[in-house]
Amino acid sequence: MSSKIKAGVLGCTGAVGQKLISLLGNHPLFEVTEVAASDNSAGIKYSERVNWKEASDIPVAVKNLTIKKCSEELDAKILFSGLDSNVAGEIEEFYASKGYAVVSNSKNHRMSADVPLIIPEVNYTHFDLIHKQESYKKSGGFIVTNPNCSTVVLAVTLYPVYKKFGLKKVMVTTMQAISGAGYPGIPSMDILGNVVPHIKDEEDKMQTEPLKIFGTIEGKEVIFADFKISASCNRVPVRDGHTMSISFETEKKTSKDEIVNSFGEYENLGLPSSPETVLKYFSDPFRPQPLLDGMSGGGMTVSAGNLRKCNILDWKINAFGHNTIRGAAGAAILNAEYLVKNKFVK
Ligand SMILES: NC(=O)c1ccc[n+]([C@@H]2O[C@H](COP(=O)([O-])OP(=O)(O)OC[C@H]3O[C@@H](n4cnc5c(N)ncnc54)[C@H](OP(=O)(O)O)[C@@H]3O)[C@@H](O)[C@H]2O)c1
C-alpha cells in the first residue's frame, strides 16, 4: 500500500488543474486519488473529458479516474483547488468544513483575515493563521492560498529589498501570458499580434496581496506592510510566463551591489518542489525572457535582470516568473509540502 497522502484536484479540467495533475504525477508525498469539476464534467472518465494541454501524458493513475462533482465526499486528505473563482469560494469552504485541507489558487479567500496567503520562502509564519479558522477548530479542515500569478513574481523580486532596505513606493507594469486566463482564454483574434491593456481585477490583486504577504503576525493578526504599489496589467501574446518592469523607492538609501547581493539571501526550504535558486539575477539586460527562463528551477525560480537607476523612483528592474507553475500549481504544491513537513497535514 502507498504511504503517500491522498490528494484530490478540484477544477481538474482547467489550465491550473491540468498543471497540478501533471506536477503531482510522480510526487514523493502525494498521490492523486480524486478529480472533481463542474456538474457538466462529473461522471465522465478524466481522459475522455479533459482537453489535455500539458506536454507530458496524463498520469496513468489519473486518466481512468471518474470526475466527481464538487459537492461529493472525496477519498482524499488534501484538496488542490484550481476552481473558477465564480464558484471556488463556497466549494472550498464546504470542503474545509468537512475536514479537508484545501490548498487554493483562487482569489476568493486570499484576503480573508484568518486565511494564510503564502509564499513559503517569504512568510511561512503566516501558516499559523490556520489555527484561527472555525473549520480547523471543528473538523480539522482549513484553507490556505497562494497569491495571484503576477503577485508572486513581484513579491519574490521585492521581498529581499523590503526586508533589508524597506520600501516606500512601487510601480509595476506587467506583460502577462495568455495561459493566465485559463483555457481557451482570450480568442486568438484578440491576442495574436496584439496587446490587451486590461486584465480584470489584476491591478487590485497586485496592489494589495504583497502587503499582506510582507505583513507581520502580531497576536493572531497580519499587520499589513505599509507602502504603496501602483500596477498596470497587460495581456501579451506569450503562451506561458509573466514579465514585468518594476520601479521602486526604498526607505533606506542603498547601492546596486547591496540590492543584488540581497537577492541571494533566500533560504532554501528543502521541500520537494523548492527550487535551488528562489530568485535568479541576470546582469545581462536582455534577460529574463519567457522563452529562455520559463522553466528555470522547474518553473519555480523567479528571474530578475538589469537592476538600474530610475529617474523617478530609486531603482528599476525587470522580472519574470512562470504563471501556471510558480504562479499557481507549483506554488500550491509547495504550500502543501510545507503543510506536511510541519504536520498541519498528517
Ligand atoms: N491560469 C493561471 O495562470 C492562474 C494563475 C493563478 C491563479 N489562477 C486561478 O486558478 C483558478 C483556475 O484557473 P484556470 O486558469 O485553471 O481556469 P480554467 O481553465 O477556466 O478552469 C476552471 C476549472 O473550474 C471548473 N469549474 C467551473 N465551474 C465549476 C462549477 N460550477 N463547479 C465545479 N467546478 C467548476 C472547470 O470545470 P469544467 O471543465 O467542468 O467546467 C475547470 O476545471 C482561477 O480561480 C484562477 O483565477 C490561475
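This one's a predicted model, so the numbers in the text were calculated from it and none came from an experiment. Position numbers for residues start from 1 in each chain and track the written sequence from start to end. Only residues with pLDDT of at least 70 are given local features in this predicted model, and only at 80 or more are side-chain atom pairs given and counted; all residues enter the totals for whole chains, interfaces and linings. The basis for every side-chain value is the complete set of heavy atoms in the structure, and neither hydrogens nor water enter the calculation.

## Remarks on the site of the ligand
Then step 1. Proximity is defined per residue: any heavy atom of the residue falling within 4 Å of a molecule or strand makes that residue near it. If you check the shell around the ligand, you find 28 residues, and the closest are T13, V16, S38, S41 and L83.
Then step 2. Whenever a nitrogen or oxygen atom comes within 3.5 Å of another N or O atom, the pair is scored as a polar contact, on the condition that within protein one atom can donate a hydrogen and the other can accept it, and that pairs from neighbouring residues in sequence are kept only if both atoms are in side chains. G11 places a main-chain nitrogen or oxygen 3.1 Å from an oxygen atom of the ligand.
Then step 3. According to the grid-proximity analysis, the pocket containing the ligand is the largest pocket.
Then step 4. Every element with two or more residues in the shell around the ligand is listed here: helix 1 (15-23), helix 4 (85-97) and helix 12 (325-341).
Then step 5. Under the scheme used here, helices are H or I runs from DSSP no shorter than 4 residues and strands are E runs no shorter than 2 residues, and both carry numbers assigned from the N terminus. The element best represented in the shell around the ligand is helix 4, accounting for 3 residues.
Then step 6. Considered class by class, the residues forming the shell around the ligand number 11 nonpolar, 15 polar and 2 charged.
Then step 7. Formed jointly, the shell around the ligand draws a minimum of three residues from each of two domains, domain 1 (5-148 + 328-341) and domain 2 (149-322). Using only the protein atoms, space was sampled on a 1 Å grid; points where a 1.4 Å probe fits but cannot get out form cavities, open sets with protein on both sides within 12 Å along at least five of seven lines form pockets, and lining residues are those with an atom within 4 Å of a point. More than half of a molecule's atoms within 2 Å of the grid points is what it takes for that molecule to sit in a cavity or pocket. Only Asp, Glu, Lys and Arg are considered charged, only Ala, Val, Leu, Ile, Met, Phe, Trp, Tyr, Cys and Pro nonpolar, and every remaining residue, Gly among them, polar. Annotation comment: domain bounds sourced from an automatic or database domain assignment.

## A short note on helix 7 (residues 149-165)
Then step 1. Taking 1.5 Å of rise per residue, 17 residues should cover 24 Å, and helix 7 covers 25 Å from first to last C-alpha, within 8% of that figure.
Then step 2. Its axis deflected by about 40° at L158, helix 7 carries its strongest bend there, up to four residues before the proline P160.
Then step 3. Accessible area is worked out with a 1.4 Å probe on protein chains only. A residue is then buried under 20% of its type maximum, exposed over 50%, and partly exposed in between. With 14 of its 17 residues buried, helix 7 lies for the most part within the structure.
Then step 4. Among the residues trailing helix 7, G166 stands out with phi positive, at a value near 75°. Expected helix span is given by 1.5 Å per residue-to-residue step, counting one fewer step than there are residues. The term bend refers to the angle at a residue between two fitted axes, each drawn through seven residues, those ending there and those starting there.

## So, the domain arrangement of the chain
Then step 1. Split by domain assignment, the chain resolves into domain 1 (5-148 + 328-341) and domain 2 (149-322).
Then step 2. Look at where the C-alpha atoms of domain 1 and domain 2 centre, and you get two points 24 Å apart.
Then step 3. Two residues qualify as a contact provided that any one of their heavy atoms is within 4.5 Å of a heavy atom in the partner residue. Each partner contributes to the interface: domain 1 provides 32 residues, whereas domain 2 provides 37 residues.
Then step 4. Buried area is calculated as the accessible area (1.4 Å probe) missing from two parts once they are joined, with the contributions of both summed. Here domain 1 packs against domain 2, burying approximately 2800 Å² in sum over the two surfaces, 66% of which is carbon and sulfur.
Then step 5. Of all residues in domain 1, E121, V122 and N148 give up the largest surface area on contact with domain 2, accounting jointly for 25% of the area buried on that side.
Then step 6. Salt bridges are defined as contacts in which a side-chain nitrogen from Lys or Arg sits within 4 Å of a carboxyl oxygen from Asp or Glu. Across the domain 1-domain 2 interface, the total number found is 2 salt bridges.
Then step 7. For K107, the salt bridge identified is with D201, shortest N-O distance 3.0 Å.

## Focus: the pattern of salt bridges
Then step 1. Per the stated rule, a full pass over the model turns up 16 salt bridges.
Then step 2. Where E54 meets K19, a salt bridge forms, and the shortest distance between an N and an O atom there is 3.0 Å. In this pair, E54 sits in the loop between helix 2 (46-49) and helix 3 (60-63) while K19 sits in helix 1, placing the two residues 35 residues apart along the sequence.
Then step 3. Notably, a salt bridge pairs K200 with D201, separated by 3.3 Å at the nearest N-O pair.
Then step 4. We classify D201 as partly exposed; its relative accessible area is 33%.
Then step 5. Several salt bridges converge on common partners, so that one network encompasses K107, K200 and D201.

## A look at the environment of M206
Then step 1. Tracing the backbone through its elements, the reader meets M206 in helix 9 (residues 202-213).
Then step 2. Setting aside chain neighbours within four positions, we find M206 in contact with N148, S150, T151, L154, V172, T174, I229, A231, C233 and M244.

## Some remarks on helix 1
Then step 1. Most of helix 1 is tucked away, with 7 of its 9 residues classed as buried.
Then step 2. Inspection of helix 1 places V16, G17, Q18, K19, L20, I21 and S22 among the buried residues, and these make up the whole buried set.
Then step 3. Its buried side turned inward, helix 1 meets strand 1 (5-10), strand 2 (30-37), helix 2, helix 3, strand 4 (78-81) and helix 12.

## Comments concerning the packing of aromatic side chains
Then step 1. The rule is short: rings of Phe, Tyr and Trp, with Trp giving its six-membered ring, pair when the centres are within 6.5 Å, and they are stacked under 30 degrees, edge-to-face over 60, tilted in between. According to the stated counting rule, one finds 14 aromatic pairs in the structure shown.
Then step 2. Relative to F142, the ring of Y136 lies with its centre 5.8 Å away and its plane at 70°, an arrangement referred to as edge-to-face.
Then step 3. According to the relative accessible area criterion, Y136 is partly exposed, its value standing at 24%.
Then step 4. Measuring from centroid to centroid gives 6.1 Å for F214 and F227, while their planes differ by 35°, and the two rings are tilted. Taken as a pair, F214 in the loop between helix 9 and strand 8 (216-218) and F227 in the loop between strand 9 (221-223) and strand 10 (228-235) lie far apart in primary sequence, 13 residues in all. With respect to class, F214 is no different from F227; both count as buried.
Then step 5. An aromatic cluster of at least three residues, connected via ring pairs, comprises Y159, Y162, F214, F227 and Y266.
Then step 6. Charge-over-ring placement is defined geometrically: NZ (Lys) or CZ (Arg) within 6 Å of the ring centre, and within 35 degrees of the ring normal. The ring of W315 carries the charged tip of K309 above its face, separated from the ring centre by 4.4 Å.

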